[in-house]
Structure formats: C-alpha cells, structure tokens
Amino acid sequence: MRRKIVAGNWKMNKTPSEAVKLVEMLKPLVANEEVDVVFCVPAIDIIPVVEACKGSNIKVGAENMYYEESGAYTGEIAPAMLVDAGVEYVVLGHSERREYFGETDAMINKKVLKAIEHKITPILCCGETLEQREQGVTMDFIRQQVKIALQNVAAADAANVVIAYEPIWAIGTGKTATTEQAQEVCAEIRKCIAEVYDDATAAAIRIQYGGSVNAKTAPDLFAQADIDGGLVGGASLKEDFGAIVNYK
C-alpha cells in the first residue's frame, strides 16, 4: 500500500514573515500521521519555514533547483544549499517553469539526477495543454516527458521519485479534470514506469494529481487506484489545505 503524499506548491506567494504565520495556522490542521505532508515554498521562505515546521509532521520542499554544484549562475540555487537549509523535496519541471522560463525535458532530467544525487526527493511534474488533449496526444506527450526526465535514473532511485500529473488546462483555472480523466492518465504513467523499469518500481512510485485540487474533489481523486495524493496550488495557502490532507 503506497503512502499518500499531499504537497502544497506556494508558488510566488508569501513573504518570510507571512510564511511563518501561515505555517503556524496550518500546523494543527495538517497533523495527520498517515499522510506525508510537504510545504514547497519560495526560496527566501525556506529557512524560516523549516524552523517553523520543527517538531511537526511537515516536510519542506523547494520550488526549483539548479543542476550544477556551484559557480557563476547568478540567481540560481544549488542542491547542497537546499540540503543544508533542511529541504527534503523539490518540485521539478512544473509547467510554469517550462512555459515562462524555457525549461526543457533534457534540463529537467539533469535536475532530477542532481536531486537524487543529493538525496532530495524530486516531485516531477508532467501534464498536457488543452490543445494537446483535444488533439488526442495526451498520453504520448506525458510518456515522453516522464521518459526523458527519468533517463539514466536507476530503478531503485526512480521508485522514490514522486510524479505529479497536472493537466495545464486545470492549473489555477478552477477547472479540474474529472476523476476518471485523472485516474486514466495516472494509470498510464504507472504503466509507462513498468515498461521503462519493472512492475515493482511501478507499484512503488507515488503519483499525485494536481490542478485545482480542493477539499471537495480530494476524497474522490485520492480514492483512485493510481492517485497517491495531490500537488496543491492555491488551496495550500488556505485552511482548506487541512481538509485536503485529512481527506477521509
């Protein structure tokens, strides 16, 4: 039985002082020992949030990471910096990074490999546009994203990666894929992992659904055979996040 994982992606929201207030408000609401709870926060918030989360069940994640150890990469953050700050997860390949900052599948693969090297758990994002869904190429596109991102990743390491399926047309739009649509794609991702690796790796890997997840939709989504939790955007900044974590 795979353990559920619910991660909040705060995106570019909350100053350090606001972040600490939000953590203090959410801490008692997300105290569910049966679910892995992760707050993925802006870089400037990481250190105060790690401090605020001490003694709780909350793990802290970063929203991005560079694939070099150090050097002349102004504005980027190295994996060792994240580890030293107390980060355990990192969101990689989010559609906003791909669209606004030109991140490619090959670049995301480098980041995944570097995160694994530093024992940071990648939350690997994949997802299609509305146009791609209407063209009937959703599965082909997502399989390509997943395969390239996991190139040269050993099976034992792949089993510990978290994959987040986020249909781009449902991110921040208020639209949610139907439960059936979400399950269908997550099942296909698991099938793809089995083809690349083996059935055991596919059975172990956790696959989240993201895209306007809220307290109402979470119970049905998380009850699906191949959906192991959610990557939550806007609702992770509200009390609603507690209801999502305690979805049963």
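Here's what I pulled together on the structure shown here.

### Some remarks on the overall build of the protein
- Looking only at helices and strands, the protein has twelve helices and eight strands in total.
- Taken over the C-alpha trace, the protein has a radius of gyration of 17 Å; the compact-globule value for 248 residues is 18 Å, and the two agree within 12%.
- Projected onto its principal axes, the C-alpha positions of the protein cover 45 × 45 × 35 Å.
- Residue burial in the protein is summarised as follows: out of 248 residues, 52% are buried.
- For the protein, contacts bridging at least 24 residues in sequence account for 74% of all contacts bridging at least 6.
- With the model as given, the accessible surface of the protein reaches about 11200 Å², and the carbon-plus-sulfur share is 52%.
- For the protein, the distance from the average position of its 25 positive side-chain charges to the average position of its 35 negative side-chain charges is 2 Å.

### Section: the pattern of salt bridges
- Within the structure shown, the criterion is met by 18 salt bridges.
- The partner of Lys-114 in a salt bridge is Glu-69, with the nearest N and O atoms 2.9 Å apart. Residue Lys-114 is located in helix H5 (residues 105-117), and its partner Glu-69 is located in the loop between strand S3 (58-62) and helix H3 (79-85); the two are separated by 45 residues in the primary sequence.
- Looking at Lys-114, the relative accessible area reads 14%, which means it is buried.
- The residue Glu-195 makes a salt bridge to Arg-143 at a minimum N-O spacing of 2.4 Å. With Glu-195 in helix H9 (residues 179-196) and Arg-143 in helix H7 (residues 138-149), the pair connects residues that are 52 residues apart, well separated along the chain.

### Section: the side chain of Lys-111
- With respect to the helices and strands, Lys-111 occurs in helix H5.
- Given a relative accessible area of 2%, Lys-111 falls into the buried group.
- Engagement of the side chain of Lys-111 in a polar contact is seen with the side chain of Glu-103, the distance being 2.8 Å.
- Setting aside anything within four residues of it in sequence, one finds Lys-111 in contact with Asn-64, Met-65, Tyr-66, Tyr-67, Leu-92 and Glu-103.

### Description of the layout of surface pockets
- Looking at the largest pocket, its volume works out to about 530 Å³.
- Together, 22 residues line the largest pocket, and Lys-11, Glu-63, Asn-64, Arg-97 and Phe-101 are the ones closest to its centre.
- Top contributing element to the lining of the largest pocket by residue count: helix H4 (residues 95-101), with four residues.
- Of the residues assigned to the lining of the largest pocket, the class counts are 13 nonpolar, four polar and five charged.
- Roughly 230 Å³ of volume is contained in the second largest pocket.
- As for the second largest pocket, its lining consists of 21 residues, of which Gly-172, Ser-212, Gly-233, Gly-234 and Ala-235 are closest to the centre.
- Looking at the lining of the second largest pocket residue by residue, the class counts come to seven nonpolar, twelve polar and two charged.

### Section: the environment of Val-83
- Take Val-83: it is sitting in helix H3.
- The spacing of Val-83 and His-118 is 35 residues in sequence and 7.5 Å in space, taken between C-alpha atoms.
- Beyond its immediate stretch of four places on either side in the chain, Val-83 contacts His-118 and Ile-120.

### Overview of the packing of aromatic side chains
- Taken as a whole and assessed by the stated rule, the structure comprises seven aromatic pairs.
- A centroid spacing of 6.0 Å and a plane angle of 55 degrees characterise the contact between Tyr-165 and Tyr-209, whose relative ring orientation is tilted. Within this pair, whereas Tyr-165 is found in strand S6 (residues 162-165), its partner Tyr-209 is found in strand S7 (residues 206-210), the two being separated by 44 residues in sequence. Note on accessibility: Tyr-165 and Tyr-209 belong to one class, buried.
- On the basis of an interplanar angle of 80 degrees and a centroid distance of 5.2 Å, the ring pair of Phe-222 and Tyr-247 is categorised as edge-to-face. With Phe-222 in helix H11 (residues 218-222) and Tyr-247 in the segment after helix H12 (240-245), this residue pair connects regions lying 25 residues apart in the sequence.
- Given the relative accessible area of 2%, Phe-222 is considered buried.
- Three or more aromatic residues link up through ring pairs in this structure, and these residues are Trp-10, Phe-39 and Phe-241.
- Positioned over the ring face of Phe-101 is Arg-97, at 4.1 Å from the centre of the ring.

The rules behind these values
Residues numbered from 1 in each chain as written. Predicted model: local features only at pLDDT ≥ 70, side-chain atom pairs only at ≥ 80, totals over all residues. Heavy atoms only, no water. Helix = DSSP H or I, 4+ residues; strand = E, 2+ residues; numbered from the N terminus. Rg over C-alpha atoms; globule rule 2.2 N^0.38 Å. Buried < 20%, exposed > 50% of the residue type's maximum accessible area, 1.4 Å probe, protein only. Contact = heavy atoms within 4.5 Å. Areas by Shrake-Rupley, 256 points an atom, 1.4 Å probe, with all protein chains shown as cover. Lys, Arg positive; Asp, Glu negative; His and termini not counted. Charge placed at Lys NZ, Arg CZ, Asp CG, Glu CD. Salt bridge = Lys/Arg side-chain N within 4 Å of Asp/Glu carboxyl O. Polar contact = N/O pair within 3.5 Å; in protein donor to acceptor, adjacent residues only side chain to side chain. 1 Å grid on protein atoms, 1.4 Å probe; cavity = no way out; pocket = protein on both sides within 12 Å on 5 of 7 lines; lining within 4 Å. Points joined across faces, edges and corners; volume = space filled by probe spheres on them. Nonpolar A, V, L, I, M, F, W, Y, C, P; charged D, E, K, R; others polar. Phe/Tyr/Trp six-rings, centres within 6.5 Å; stacked < 30°, edge-to-face > 60°. Lys NZ or Arg CZ within 6 Å of the ring centre and 35° of its normal.

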